Amino acid sequence: MSDQEIDLSTLPEAQKKQLARMSADKFICDLVGVRLVNVGDGMATAQLVVAEEHLNGVGICQGGALFSLADYALAAAFNYTDESVVSLDVSISYCKPAKVGARLNAEAKETLRTRSTTLGDVVVKDQDGRIICLARGRGYVMQPR
């Protein structure tokens, strides 16, 4: 899993715009602590290091934090053109617990895009390659402004 920040100089203009839009999400980036570490056409990778504030009452990473990580990676994968994509629905399956210190990597990939919708999948793994959760989302493709 990479800890490197994205080198903006190596990205095409469309990805630079995408990164700027995604980095403006203060809830996910500042409050939850998710970092976008890779973007491309129809793909993105986001990371989260599980901290105390991410834990639920039984001492494992709260489902909402995992959902936020997966949803953010999916949004970055969907928003790679001059069209904006907003979520229509996202489903998630929690597979393994994540504890404090776990370094989570969410890899999202768009699998289908039509004129008005898009579909994608996310796999969230920890630093040992264990699958923590799987998500699938569908988005609405808005026309450029």
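The structure this text deals with has already been given above.
Residues numbered from 1 in each chain as written. Predicted model: local features only at pLDDT ≥ 70, side-chain atom pairs only at ≥ 80, totals over all residues. Heavy atoms only, no water.

A few words on the overall build of the protein chain. From N to C terminus, the protein chain includes 3 helices and 6 strands. What you see in the protein chain, going N to C, is helices and strands ordered as α-α-β-β-α-β-β-β-β. Looking at the protein chain residue by residue over its 145 residues, the buried ones come to 38%. Of the contacts formed within the protein chain by residues at least 6 apart in sequence, a portion of 64% connects residues at least 24 apart. When the accessible area of the protein chain is evaluated, it comes to approximately 7800 Å², of which 53% is carbon and sulfur surface. (Helix = DSSP H or I, 4+ residues; strand = E, 2+ residues; numbered from the N terminus. Buried < 20%, exposed > 50% of the residue type's maximum accessible area, 1.4 Å probe, protein only. Contact = heavy atoms within 4.5 Å. Areas by Shrake-Rupley, 256 points an atom, 1.4 Å probe, with all protein chains shown as cover.)

In this section: the sheet that holds strand β1 (residues 35–40). On the basis of which strands lie adjacent, the open sheet formed by 6 strands has the order β1-β2-β4-β5-β6-β3 and antiparallel pairing. Edge positions in the sheet fall to β1 and β3 (84–94), since each has one partner strand and no second. Geometrically, the sheet is characterised by an average inter-axis angle of 20° between neighbouring strands, direction not taken into account. With 7 bridges joining them, strand β2 (residues 43–49) and strand β4 (residues 103–113) adopt antiparallel strand pairing. Among the inter-strand pairings, Gln47 is bridged to a residue of β4, identified as Asn105. (Pairing = 2+ DSSP bridges. Axes fitted to C-alpha atoms, helices over the stretch in contact; angles between N-to-C directions.)

By the bridge criterion, 10 bridges tie β3 to strand β6 (residues 131–142) in an arrangement that is antiparallel. Opposite Val86, over in β6, you have Tyr140 as the bridge partner. The pairing of strand β5 (residues 117–125) with β6 spans 9 bridges and is classified as antiparallel. Looking at β6, one finds that Asp121 is bridged to Arg136. In this structure, the hairpin formed by β5 and β6 is closed by a connection of 5 residues, where Gly129 is found at a positive phi of approximately 85°.

Time to look at the pattern of salt bridges. Two side chains carrying opposite charge are able to pair once their charged atoms lie near each other. Counted under the stated rule, the structure contains 5 salt bridges. Between Asp121 and Arg136 there is a salt bridge, with its nearest N and O atoms 2.7 Å apart. Taken together, the positions of Asp121 in strand β5 and Arg136 in strand β6 put the pair 15 residues apart, joining distant regions of the chain. With a relative accessible area of 23%, Asp121 lands in the partly exposed category. Looking at Arg136, the relative accessible area reads 42%, which means it is partly exposed. The salt bridge involving Asp126 is made with Arg130; its shortest N-O contact spans 2.8 Å. What emerges from the salt-bridge pattern is a single network uniting Glu83, Glu110 and Arg113. (Salt bridge = Lys/Arg side-chain N within 4 Å of Asp/Glu carboxyl O.)

This paragraph deals with the nonpolar core. Within the largest apolar cluster, 34 residues are counted, with the highest numbers of intra-cluster contacts made by Val34, Leu36, Leu69, Leu104, Val122 and Val124. If you list the elements that add at least two residues to this core, you get α1 (13–23), α2 (26–32), β1, β2, α3 (63–78), β4, β5 and β6. A total of 10 residues in this core trace back to one element, the largest contributor, which is α3. Those residues in contact with Leu69, other than ones at most four positions away along the chain, are Val34, Ala46, Gln47, Leu48, Leu104, Ala106 and Val124. (Core = buried A, V, L, I, M, F, W, Y, C linked by side-chain atoms within 4.5 Å.)

So, about the side chain of Glu110. Among the secondary structure elements, Glu110 is positioned in strand β4. Taking relative accessible area as the criterion, Glu110 reaches 12% and is therefore assigned buried. For Glu110, the side chain forms a polar contact with the side chain of Tyr80, separated by 2.8 Å. Among residues more than four places away in sequence, those in contact with Glu110 are Gly42, Ala77, Phe78, Tyr80, Thr118, Leu119 and Gly120. (Polar contact = N/O pair within 3.5 Å; in protein donor to acceptor, adjacent residues only side chain to side chain.)

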